[in-house]
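If you want the building blocks of each chain, they are given just below.
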Amino acid sequence: MQSHMLTEIVGGRIWASERPVLFSGVRLRARTSVVRLDDGRLLLHSPAPPSEAWLTQLAALGEVSWLVVPNCFHHLGTPAASAAFPAAKIVAPRSAAAKNPALRIDVDIHDSTFADAVPEFAVIPLEGVPFLDETLLYHRPTETLFGADMVLRADEHDHWSWRFAARITGCYQRVRVPPDVKKKVADRAAASRSLQALQALPIKRLVICHGSVLEEAPLAQLVEAWRMVGVE
Ligand SMILES: [Fe+2]
């Protein structure tokens with residue numbers, strides 16, 4: 001189903017790989033993204049446990065300086081990635097450590113230390129959804145927004161089990177707030193402020209963890225998904 005190897009998304013700046021993950025009885029794709037920072041080093045977004053072949057491929061791209069856990073769910077591969085890149089700093093929400101005692105956190109993603117260290121990114125928390133505790137990263141040089149579970153989308157590249165479930169839940173070839181997240185929006189006004197902050201950005205592409213990279217009106221699709229759950 002997937003290559004597990006890195007493919008280039010933006011020439012010389014962004015790469016990503018996918019791996020299968022099981023969730024609620026369906027097989028999703030989960031993406032790890034690699035961004036070359038302005039200082040030449042690499043940021044890994046939602047790192048997976050790395051294979052030898054993946055490490056070889058990555059070594060050709062540069063030195064890893066940051067491992068980003070984008071919400072309180074996408075922490076599972078980080079301890080293994082950290083073992084492979086011991087000098088890289090782990091940035092994560094504290095809520096992820098509460099779920100994973102093996103997760104070391106060097107920098108709280110909600111602390112300005114991280115945003116100050118990577119000034120080419122806008123670091124935007126998704127407020128009002130503590131269930132996810134997600135933080136979006138907007139890479140200004142490529143106008144790329146990185147999210148994890150804020151929205152998802154299934155398509156023909158997905159395993160049949162997820163294609164089937166996605167048709168039932170309305171996520172097939174549609175960008176949607178994940179069904180489990182829909183019920184957990186605690187503060188719609190706060191989430192709306194985050195959405196409005198995103199709408200101020202020129203977003204050329206949306207890179208999410210569960211779904212193909214979106215380059216066709218990505219912001220409009222994101223906004224529509226959240227409008228459907230009463231956040232606009
Ligand atoms: Fe996820």
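The structure this text deals with has already been given above.
Now for a look at the structure at hand. Just so it is clear, the model here is predicted, and its values are computed rather than measured.

1. Observations regarding the environment of Ala117
Considering the arrangement of structural elements, one finds Ala117 in helix H4 (residues 112-117). Note: C-alpha distance between Ala117 and Arg104 (13 residues apart in sequence) is 19 Å.

2. Looking at a positive patch on the surface
A contiguous patch of positive charge on the surface is contributed by Lys99, Lys182, Lys183 and Lys184. The residue Lys99 is located in helix H3 (residues 94-99) in this model. Judged by its relative accessible area of 43%, Lys99 is partly exposed.

3. Observations regarding the coordination of the iron ion
Octahedral metal centres with six donors ideally show angles of 90 or 180 degrees, and tetrahedral centres with four donors ideally show 109.5 degrees. For the iron ion, the full set of protein donor atoms is His74 (NE2), Asp149 (OD) and His210 (NE2), at a range of 2.0 to 2.1 Å. Here the donor residues of the iron ion are spaced in sequence according to H-x74-D-x60-H. Highlighted residues: His74 in the loop between strand S5 (64-68) and helix H2 (78-84) and Asp149 in the loop between strand S10 (144-146) and helix H5 (160-169), separated in sequence by 75 residues. This pair shows no difference in class: His74 is buried, exactly as Asp149 is.

4. Here we look at the packing of aromatic side chains
Given two aromatic rings, one states the distance between the centres and the angle between the planes to describe the pair. On inspection of all chains with the given rule, the structure shows 2 aromatic pairs. Above the plane of the ring of Phe73 lies Lys99, whose end atom (NZ or CZ) is 3.6 Å from the centre. Seen from the ring of Tyr172, Arg167 lies directly overhead, with NZ or CZ sitting 4.1 Å from the centre.

5. What about the sheet that holds S10?
Taken together, 4 strands build an open sheet; the order of strands is S8-S9-S10-S11 and the sheet is mixed. What marks the edges here is a single partner per strand, and that holds for strand S8 (121-125) and strand S11 (205-207). Shown here is a sheet whose adjacent strand axes are inclined to one another by a mean of 20 degrees, direction ignored. As paired elements, S10 and S11 share 3 bridges and run parallel to each other. Bridge assignment links Thr144 to a residue of S11, and that residue is Arg205. In the packing of helix H7 (residues 188-199) onto the sheet, contacts are made with S8, strand S9 (135-139) and S10, and the angle to S8 comes to roughly 160 degrees.

6. Here's the deal with a nonpolar patch on the surface
A cluster of nonpolar side chains, Trp160, Phe164 and Ile168, forms an exposed patch at the surface whose accessible area comes to about 410 Å². Here Phe164 falls in the exposed class, since its relative accessible area comes to 53%.

7. Details of the sheet that holds strand S6 (residues 89-92)
The 7 strands are arranged S1-S2-S3-S4-S5-S6-S7 in an open sheet whose pairing can be described as mixed. Two strands lie at the open edges of the sheet, namely strand S1 (7-10) and strand S7 (107-108), each paired on one side alone. Pairing of strand S2 (residues 14-23) with strand S3 (residues 26-36), which is carried by 10 bridges, proceeds in the antiparallel orientation. In the strand pairing of S3, Trp15 is matched with Val34.

8. Observations concerning the pattern of salt bridges
For the coordinates displayed, the defined rule picks out 13 salt bridges. For Asp38, the salt bridge goes to Arg13, with nearest N and O atoms at 2.9 Å. Of this pair, Asp38 sits in the loop between S3 and strand S4 (42-45) while Arg13 sits in the loop between S1 and S2, and the two are 25 residues apart along the sequence. Note on Asp38: relative accessible area 52%, which makes it exposed.

9. Points about H7
Relative to the 16 Å expected for 12 residues at 1.5 Å per residue, H7 spans 16 Å between its end C-alpha atoms, a close match to the ideal helical length. For H7, the elements touching its buried residues are S8, S9, S10 and helix H8 (218-227).

Definitions and cut-offs
Residues numbered from 1 in each chain as written. Predicted model: local features only at pLDDT ≥ 70, side-chain atom pairs only at ≥ 80, totals over all residues. Heavy atoms only, no water. Helix = DSSP H or I, 4+ residues; strand = E, 2+ residues; numbered from the N terminus. Patch = residues over 30% accessible without salt bridge, like charges linked within 9 Å, V, L, I, M, F, W, Y side chains within 5 Å. Areas by Shrake-Rupley, 256 points an atom, 1.4 Å probe, with all protein chains shown as cover. Salt bridge = Lys/Arg side-chain N within 4 Å of Asp/Glu carboxyl O. Lys, Arg positive; Asp, Glu negative; His and termini not counted. Charge placed at Lys NZ, Arg CZ, Asp CG, Glu CD. Buried < 20%, exposed > 50% of the residue type's maximum accessible area, 1.4 Å probe, protein only. Donors = N, O, S within 2.8 Å, 3.2 Å for Na, K, Ca; no water. Phe/Tyr/Trp six-rings, centres within 6.5 Å; stacked < 30°, edge-to-face > 60°. Lys NZ or Arg CZ within 6 Å of the ring centre and 35° of its normal. Pairing = 2+ DSSP bridges. Axes fitted to C-alpha atoms, helices over the stretch in contact; angles between N-to-C directions. Contact = heavy atoms within 4.5 Å. Expected span 1.5 Å × (residues − 1).

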